[in-house]
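Examination of the molecular architecture
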Amino acid sequence: MTEQTTAISNAHNTVQQLLDYIDHSPSPWHAVSTTVEILQLHGFEELEENEDWPLRASGRYYTIRDQSSIIAFIAGTQPPSQSGYRIIGTHTDSPGLRIKPNPISQKGPWLRVGVEVYGGPILATFADRDLSLAGRVSIKTGDKVTDFESRLVKFDESLMRLPNLAIHLNRMVNKEGLKFNQQTQLPLILSLAPEEKDNTNYFHQILAKAMSVNVEDILAWELAIYDTQKGGFFGDEKQFFANSQLDNLASCHSALLALLADVKVADSKDDPSSCSQSATRMIAMFDHEEVGSGSAKGADSNFLENILSRIGAALDDDGTQNQLHARANSYMLSADMSHAFHPNYSTSHDPEHQPIINSGPVIKINHNQRYTTDAHTEALFVNICKKAGVPYQKFVNRTDLACGSTIGPMSAAKTGIKSVDVGNPMWSMHSIRESAGVMDHEYMIDAMTEFFRT
């Protein structure tokens, strides 16, 4: 067995944890719920935004905003004004399809479910997949207008499908590509329509049965379409893996494991303080990145800034000078997935910047500030990778192609914290089935763990 084969084999266990994490998280709301389960197993306490926060040094905490954004942190042994924060920012949402408020329509004898496109998915990849539903539903619990609660729902079995049109009826599909009119050709096939029956509440009835509630108690929902096929490995020696939502649950998972790295060591020792770090370490997982982050819980909200202020008030002298000192002493990794070199589309890449899968994390650079990386933070991440024994790569877009962005620029602008954009290389970004390299996930966890120890 070669050294590379041994390394890949050792990384399989970690990647399997990632695949399980994603399979349990088919929506942003489920992603936060799955994350909370893991945090609670490691002694993290929940904090509510509408309550006071009596924090302590080395304490482990998390707070949730509207079920799909979460910030978790380990308080440092020194006040933030002295050691600052080490923050890893990610996002919980992925591009795809969302269910409309009045989804049921009938075409011929068929009932269809109407969907709205969320973000920028590759729509053709949703065709001929085993699709189902996951998300949250608001349920009435009493007679007051405020008497309702939000419950998670997930249909494990395939419920709907987007069948392709046969090539005999679409002769140019292989030359012109598979295209869908988003209004008329994206509704998903659900079932044959029951004869002589009003189907207005048909979808409500499906939800009510699954959740064991009355139809009239269903007030609202946010439901995502997901692929029921579980994640898995492929390639010689299983060097690669595929699943939905790698963008960006893979970054969420690596950030979470990095945050827990010192926790596991501390819990195994008689003196947990021997593993404590002076800086406050934090992961911030935001919803709505794929649609611009402009919401009450997105990266362009006050969520992160409020949490930093509250931590500073609890662990430091609540003076303006100390709050500013803390931010000046801080760093942030904006972690989102990156484009890997695709050998079948080599001209889509800058010739001198072609990140290779299983060759290490990618430092993402754009001088028009679509990414936050500058010479200072780039140098920091290079040194982190060298200290952690992790290879690294650098990426810029082709100059004649528009560059995407991340949560990094808006988070850096709101907080004034120095930031670098990084991510693991992947194929098929925004497909319903994305793929990446086994070793890169391990590399990123190691780099992020080292970042928290700086």
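Attention here is on the structure that accompanies the text.

Concerning the overall build of the protein
Along its length, the protein carries 11 helices and 20 strands. Computed over the C-alpha atoms, the radius of gyration of the protein is 23 Å, within 12% of the 22 Å expected from 2.2 N^0.38 for a compact globule of 454 residues. If one aligns the C-alpha atoms of the protein with their principal axes, the spans along those axes are about 70 × 60 × 45 Å. Relative to its full complement of 454 residues, the protein shows a buried share of 54%. In the protein, the proportion of contacts linking residues at least 24 apart, taken out of those at least 6 apart, comes to 77%. By element, 47% of the accessible surface of the protein is carried by carbon and sulfur atoms, the whole surface being about 20500 Å².

As for the layout of surface pockets
The probe, sized like a water molecule, is rolled over the atoms to show the empty space still left. In this structure, the largest pocket spans a volume of roughly 870 Å³. Surrounding the largest pocket, 36 residues form its lining, Ser 338, His 339, Asn 397, Met 429 and His 430 being those nearest its centre. Looking at the lining of the largest pocket, the elements with two or more residues in it are β15 (338-339) and β19 (425-427). The residue inventory of the lining of the largest pocket, partitioned by class, reads 15 nonpolar, 13 polar and 8 charged. Its volume calculated, the second largest pocket comes out at about 420 Å³. As for the second largest pocket, its lining consists of 19 residues, and the residues nearest its centre are Pro 163, Asn 164, Leu 165, Phe 180 and Gln 185. Going through the elements one at a time, β6 (110-118) and α4 (173-176) are the ones with two or more residues in the lining of the second largest pocket. Of the residues that constitute the lining of the second largest pocket, the class distribution is 10 nonpolar, 5 polar and 4 charged.

As for the sheet that holds strand β20 (residues 434-437)
Read from one edge of the open sheet, 5 strands run β11-β12-β20-β19-β15, paired in mixed fashion. Each having just a single partner strand, β11 (232-234) and β15 make up the two edges of the open sheet. When strand β12 (residues 240-243) meets β20, the two strands line up antiparallel, connected through 4 bridges. By the bridge assignment, Asn 243 is partnered in β20 with Glu 434.

What about the sheet that holds strand β18 (residues 418-423)?
Spatially, 9 strands are ordered β1-β2-β3-β13-β4-β14-β18-β16-β17 in an open sheet, and the strand pairing comes out mixed. Here the strands that pair on one side only, and so sit at the sheet edges, are β1 (45-46) and β17 (393-395). Note: β1 against strand β2 (residues 60-65), 2 bridges, orientation parallel. For Glu 46, the partnering residue across the bridge sits in β2 and is Tyr 62. Set on the sheet, helix α2 (residues 28-41) makes contact with β2, β3 (69-74) and β13 (280-286); between it and β3 the angle comes to about 20°. Sheet strands touched by helix α11 (residues 438-452): β4 (85-91), β13, β14 (331-335) and β18. Its angle to β4, the strand with the most contacts, is close to 145°.

Thoughts on the packing of aromatic side chains
Scanning all chains against the criterion turns up 7 aromatic pairs. With 5.8 Å between their ring centres and 45° between their planes, Phe 451 and Phe 452 make a pair best called tilted. The exposure classification of Phe 451 matches that of Phe 452, with both residues buried. An aromatic cluster is built from Trp 53, Tyr 61 and Phe 73, whose rings are joined through pairwise contacts. The side chain of Arg 98 reaches across the aromatic face of Tyr 118, ending 3.9 Å from its centre. Just above the ring of Tyr 331 sits the side chain of Lys 418; from NZ or CZ to the centre is 4.9 Å.

Regarding unusual backbone geometry
The omega torsion of the bond from Asp 247 to Asn 248 falls at 15°, within 30 degrees of zero and hence cis. For Asn 248, the position within the fold is in helix α6 (residues 246-267). Of note in the backbone geometry, Gln 67 takes a positive phi value of approximately 70° without being a glycine. Note on placement: Gln 67 falls in the loop between β2 and β3. The class of Gln 67 is partly exposed, set by a relative accessible area of 25%. Positive phi values are uncommon outside glycine, yet Asn 358 reaches one of about 70°. With respect to the element layout, Asn 358 can be found in the loop between β15 and β16 (362-364).

Regarding the pattern of salt bridges
For the coordinates displayed, the defined rule picks out 17 salt bridges. Salt-bridge contacts for Glu 45 lead to Arg 56; the nearest nitrogen and oxygen are separated by 2.9 Å. A residue pair is termed long-range when its members are at least 10 positions apart, and Glu 45 in strand β1 and Arg 56 in the loop between β1 and β2 qualify at 11 residues. A relative accessible area of 35% places Glu 45 in the partly exposed class. Between Lys 297 and Asp 66 there is a salt bridge whose closest N-O contact spans 2.8 Å. Of this pair, Lys 297 sits in the loop between β13 and α7 (303-315) while Asp 66 sits in the loop between β2 and β3, and the two are 231 residues apart along the sequence. Taking the relative accessible area as the measure of exposure, Asp 66 reaches 40% and is therefore partly exposed. Put simply, Asp 66, Arg 136, Glu 222, Asp 287 and Lys 297 are held in one network by salt bridges that share partners.

Conventions adopted
Residues numbered from 1 in each chain as written. Predicted model: local features only at pLDDT ≥ 70, side-chain atom pairs only at ≥ 80, totals over all residues. Heavy atoms only, no water. Helix = DSSP H or I, 4+ residues; strand = E, 2+ residues; numbered from the N terminus. Rg over C-alpha atoms; globule rule 2.2 N^0.38 Å. Buried < 20%, exposed > 50% of the residue type's maximum accessible area, 1.4 Å probe, protein only. Contact = heavy atoms within 4.5 Å. Areas by Shrake-Rupley, 256 points an atom, 1.4 Å probe, with all protein chains shown as cover. 1 Å grid on protein atoms, 1.4 Å probe; cavity = no way out; pocket = protein on both sides within 12 Å on 5 of 7 lines; lining within 4 Å. Points joined across faces, edges and corners; volume = space filled by probe spheres on them. Nonpolar A, V, L, I, M, F, W, Y, C, P; charged D, E, K, R; others polar. Pairing = 2+ DSSP bridges. Axes fitted to C-alpha atoms, helices over the stretch in contact; angles between N-to-C directions. Phe/Tyr/Trp six-rings, centres within 6.5 Å; stacked < 30°, edge-to-face > 60°. Lys NZ or Arg CZ within 6 Å of the ring centre and 35° of its normal. Salt bridge = Lys/Arg side-chain N within 4 Å of Asp/Glu carboxyl O.

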